[in-house]
Amino acid sequence: MSVSSRTKPPREHLLEVVSGLFYREGINTVGIDRIVRDAGVTRATLYRHYPGKEALVVAYLERADASIRGELERGAARTVSAEHMLEAVLEGIADEATRYHTRGCPFINAAAEFPDAASPVRQVIAGHRTWFKEFLIHCLENAGRANPEETADALVLLRDGVLVGSYLDDASRARLAFLRVARSIAGLR
């Protein structure tokens, strides 16, 4: 356990540890014993903060959602025009896929392990995807694009593709392909 990890509140420390484990190794392959051992906590501490593994998965995905939202919203806020904001968002998506989520999309990965669409895990995934599409629609509307909903649908699918493609294939090529197609769809350059 690192010095900085020991100074974090147990709930935050647990979430940091499980986030790394779940993303790197998969959710269903990581058991409670492994989480307790790697986090350096007791089972009682884990269950005091999270009533079960599903609650840990929900918290992990909510953390990923907050991180992605924050990055994209901060990037958009630093722009000088609607066109620049749209470009910044596309660059942010490319960065997400090639720098931060190099093992695929945490939401797609989790969805593969939790097939029940009514589960709390899938509800977090659906909420993230809804937010993301609405965020894109907002950016496209501000830039004066026709058919922002249809364009956002296409960009959501492209994002899914670059997140998976960056993991399975050459990340730099996937990034370039994503940006080329996304800019065309979004009416940039």
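Each value, and the rule that gives it
- Residues numbered from 1 in each chain as written.
- Predicted model: local features only at pLDDT ≥ 70, side-chain atom pairs only at ≥ 80, totals over all residues.
- Heavy atoms only, no water.
- Domains from an automatic or database assignment.
- Contact = heavy atoms within 4.5 Å.
- Buried area = accessible area lost by both parts, 1.4 Å probe.
- Salt bridge = Lys/Arg side-chain N within 4 Å of Asp/Glu carboxyl O.
- Helix = DSSP H or I, 4+ residues; strand = E, 2+ residues; numbered from the N terminus.
- Nonpolar A, V, L, I, M, F, W, Y, C, P; charged D, E, K, R; others polar.
- 1 Å grid on protein atoms, 1.4 Å probe; cavity = no way out; pocket = protein on both sides within 12 Å on 5 of 7 lines; lining within 4 Å.
- Points joined across faces, edges and corners; volume = space filled by probe spheres on them.
- UniProt positions renumbered as here; feature names shortened; annotations may be inferred.
- Core = buried A, V, L, I, M, F, W, Y, C linked by side-chain atoms within 4.5 Å.
- Buried < 20%, exposed > 50% of the residue type's maximum accessible area, 1.4 Å probe, protein only.

Some thoughts on the domain arrangement of the chain
When the parts of a complex come together, some accessible area is lost, and that lost area is often used as the size of the interface.
Reasoning step 1: Domain boundaries assigned for the chain yield domain 1 (8–51) and domain 2 (53–186).
Reasoning step 2: Here the C-alpha centroids of domain 1 and domain 2 sit 26 Å apart.
Reasoning step 3: Facing the 17 residues of domain 1 at the interface are 16 residues of domain 2.
Reasoning step 4: When domain 1 packs against domain 2, the two sides together hide about 1,600 Å² of surface, and 66% of this comes from carbon and sulfur.
Reasoning step 5: Counting across the interface, domain 1 meets domain 2 through 0 salt bridges.
Reasoning step 6: With 7 residues, the single largest contributor to the side of domain 1 that touches domain 2 is helix 2 (residues 10–25).
Reasoning step 7: Partitioning the side of domain 1 that touches domain 2 into residue classes produces 11 nonpolar, 4 polar and 2 charged.

Things to note about the layout of surface pockets
If a probe as big as a water molecule is rolled over the atoms, it shows which places are left empty.
Reasoning step 1: As a volume, the largest pocket reaches approximately 520 Å³.
Reasoning step 2: Along its surface, the largest pocket is lined by 21 residues, and S67, I68, E71, Y100 and H101 are the ones closest to its centre.
Reasoning step 3: Taken together, the elements giving at least two residues each to the lining of the largest pocket come down to helix 2, helix 5 (53–77) and helix 6 (82–100).
Reasoning step 4: The element that contributes the greatest number of residues to the lining of the largest pocket is helix 5, accounting for 9 residues.
Reasoning step 5: Of the residues in the lining of the largest pocket, the class split is 10 nonpolar, 5 polar and 6 charged.

Some thoughts on the side chain of S19
Reasoning step 1: Examined against the element boundaries, S19 turns out to sit in helix 2.
Reasoning step 2: Setting aside its immediate chain neighbours within four residues, S19 contacts Y60 and R63.

Considerations on the environment of V80
Reasoning step 1: Following the sequence through the fold, V80 ends up in the loop between helix 5 and helix 6.
Reasoning step 2: Taking C-alpha positions, V80 is 20 Å from L179, a pair spaced 99 residues apart along the chain.

Points about the UniProt feature "DNA-binding region" (unreviewed entry) in the chain
Reasoning step 1: Following the UniProt record, one finds the feature "DNA-binding region" (unreviewed entry) at residues 31–50.
Reasoning step 2: When the span residues 31–50 is considered, its composition is 75% helix and 0% strand, and the gap between its end C-alpha atoms is 14 Å.

Describing the nonpolar core
Reasoning step 1: Counting 59 residues, the largest nonpolar core has F22, I35, L61, L90 and I93 as the members making the most contacts within it.
Reasoning step 2: Those elements that provide at least two residues to this core are helix 2, helix 3 (32–39), helix 5, helix 6, helix 7 (106–113), helix 8 (120–142), helix 9 (148–168) and helix 10 (171–185).
Reasoning step 3: Both domains that meet at this core, namely domain 1 (8–51) and domain 2 (53–186), each give it at least three residues.
Reasoning step 4: If we skip the residues at most four places from it in the chain, I93 touches L72, F132, L136, R159, V162 and F178.

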